[in-house]
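Coordinate analysis (summary)
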Amino acid sequence: MTIKDPNIKSESSDVDPHDLNSYSAKGLFEKLIAFAIDQRWMVMLISLGVAIMGIVSYQHLPIDAVPILPMCKCKLTQRHPVTHH
């Protein structure tokens, strides 16, 4: 049987999992980087899947490369006085 000293806090009781303000940004980034390194194949497959979905979505966009513009047929006439020397 282990006797716990009430004056000494364990590391697990320092962080409340429901209190988002108790997490530090540095700790979260360190955990995220450690997870990405440990699970690098899963991260690469997810990245590849997102890239493929982006390419497929881009190919199905209903945007024309060249807009269809009607031919503008107009004639401009300007009259000016003729000068003689």
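All of the points below concern the structure found in this document.

Here is what the cut-offs are and how they apply
- Residues numbered from 1 in each chain as written.
- Predicted model: local features only at pLDDT ≥ 70, side-chain atom pairs only at ≥ 80, totals over all residues.
- Heavy atoms only, no water.
- Helix = DSSP H or I, 4+ residues; strand = E, 2+ residues; numbered from the N terminus.
- Buried < 20%, exposed > 50% of the residue type's maximum accessible area, 1.4 Å probe, protein only.
- Areas by Shrake-Rupley, 256 points an atom, 1.4 Å probe, with all protein chains shown as cover.
- Patch = residues over 30% accessible without salt bridge, like charges linked within 9 Å, V, L, I, M, F, W, Y side chains within 5 Å.
- Salt bridge = Lys/Arg side-chain N within 4 Å of Asp/Glu carboxyl O.
- Axes fitted to C-alpha atoms, helices over the stretch in contact; angles between N-to-C directions.
- Parallel < 35°, antiparallel > 145°, perpendicular 65-115°, else oblique.
- Contact = heavy atoms within 4.5 Å.
- Nonpolar A, V, L, I, M, F, W, Y, C, P; charged D, E, K, R; others polar.

Observations regarding the overall build of the chain
- What the chain contains, in helices and strands, is 2 helices and 0 strands.
- Residues classed as buried in the chain amount to 0% of the 85 residues present.
- When the accessible surface of the chain is summed, it comes to about 9,500 Å², and 65% of that surface belongs to carbon and sulfur atoms.

Some words on a nonpolar patch on the surface
- A cluster of nonpolar side chains, contributed by Phe29, Leu32, Ile33 and Ile37, occupies part of the molecular surface with about 430 Å² of accessible area.
- In this structure, Ile33 sits in helix α1 (residues 25–38).

Some words on the packing of α1 against helix α2 (residues 40–59)
- One can describe the packing of α1 onto α2 by two numbers: an axis separation of 5 Å at closest approach and a directional angle of 90 degrees. With respect to each other, α1 and α2 are oriented roughly perpendicular. Between α1 and α2, the residues in contact are Phe35, Ala36, Ile37 and Asp38 and Arg40, Met42 and Val43, respectively.
- Class assignment of the residues belonging to the contact of α1 with α2 gives a composition of 5 nonpolar, no polar and 2 charged.

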